[in-house]
Amino acid sequence: MEKVTNDTIKHVAALAQLEFGEEELAKFTSQMGKILEMAEELQAVDTTGVEETVQVVDRDTVFREDVPEKWQTREEMMKNVPDKSNGFVKVPVIIDKDDNQ
């Protein structure tokens, strides 16, 4: 496994638009390294012969019935949009073009 570096953590933080100081950087770098080591240990466990489980609780679904409802028109939906422009919903930029390298 590749070692987690401060630069790796800075890159991930930039993608998530997070900012933190040098003390936090050292802490997060150490924690991420430990998390990845644990994940690597789990990958090494031999699961041959272990039956896959899909539902571990033996009971019926507790979700509501799926009842079709009338869809809102675009105009009705746009009434509740906090920020819009020319009929489109405006959302904040998540990844700056400069970060896509």
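Residues numbered from 1 in each chain as written. Predicted model: local features only at pLDDT ≥ 70, side-chain atom pairs only at ≥ 80, totals over all residues. Heavy atoms only, no water.

- Going by what an unreviewed UniProt entry lists, the protein is known as Aspartyl/glutamyl-tRNA(Asn/Gln) amidotransferase subunit C and is assigned to Lactobacillus leichmannii.
- Reading the Sequence similarities (unreviewed entry) entry of the UniProt record for the protein gives the comment "Belongs to the GatC family."
- Under Subunit (unreviewed entry), UniProt gives the following word-for-word description of the protein: "Heterotrimer of A, B and C subunits." (UniProt positions renumbered as here; feature names shortened; annotations may be inferred.)

1. Quick notes on the packing of helix H1 (residues 6-15) against helix H2 (residues 22-43)
Reasoning step 1: Remark: H1 packs on H2, axes separated minimally by 9 Å, with the N-to-C direction vectors making an angle of 100°. Overall, the two elements H1 and H2 adopt an arrangement that is roughly perpendicular. Of the residues in H2, those touching H1 at Asn 6, Ile 9 and Lys 10 are Glu 22, Leu 25, Phe 28, Thr 29 and Met 32.
Reasoning step 2: Looking at the contact of H1 with H2 residue by residue, the classes come out as 4 nonpolar, 2 polar and 2 charged. (Axes fitted to C-alpha atoms, helices over the stretch in contact; angles between N-to-C directions. Helix = DSSP H or I, 4+ residues; strand = E, 2+ residues; numbered from the N terminus. Parallel < 35°, antiparallel > 145°, perpendicular 65-115°, else oblique. Contact = heavy atoms within 4.5 Å. Nonpolar A, V, L, I, M, F, W, Y, C, P; charged D, E, K, R; others polar.)

2. Looking at unusual backbone geometry
Reasoning step 1: With a phi angle near 55°, Gln 17 is a residue other than glycine that sits in the positive phi range.
Reasoning step 2: Looking at the element boundaries, Gln 17 is found in the loop between H1 and H2.
Reasoning step 3: In this structure Gln 17 comes out as partly exposed when scored by relative accessible area, which is 48%.
Reasoning step 4: One non-glycine residue, Asn 86, lies in positive phi territory at about 50°.
Reasoning step 5: Inspection of the secondary structure puts Asn 86 in the loop between strand S1 (84-85) and strand S2 (88-89). (Buried < 20%, exposed > 50% of the residue type's maximum accessible area, 1.4 Å probe, protein only.)

3. A word on the confidence of the model for the protein
Low-pLDDT stretches of the model should not have their predicted coordinates read in fine detail.
Reasoning step 1: On average, residues of the protein score 84 in pLDDT, and 87% of them are at 70 or above.
Reasoning step 2: The secondary structure element of the protein with the lowest average pLDDT is helix H3 (residues 74-78), at 87, and the one with the highest is H2, at 92. (pLDDT = per-residue confidence, 0-100.)

4. A look at the packing of aromatic side chains
Two descriptors summarise a pair of aromatic rings, namely the distance from one centre to the other and the angle between the planes of the rings.
Reasoning step 1: The tally for this structure, following the rule as stated, stands at 1 aromatic pair.
Reasoning step 2: Judged by centre distance (5.0 Å) and plane angle (75°), the ring pair of Phe 20 and Phe 28 falls under edge-to-face.
Reasoning step 3: Using a relative accessible area of 30% as the deciding quantity, one classes Phe 28 as partly exposed. (Phe/Tyr/Trp six-rings, centres within 6.5 Å; stacked < 30°, edge-to-face > 60°.)

5. Some points on H2
Reasoning step 1: Between its first and last C-alpha atoms H2 spans 32 Å; for 22 residues at 1.5 Å apiece the expected length is 32 Å, and the two agree.
Reasoning step 2: Tucked inside the fold, the buried residues of H2 contact H1. (Expected span 1.5 Å × (residues − 1).)

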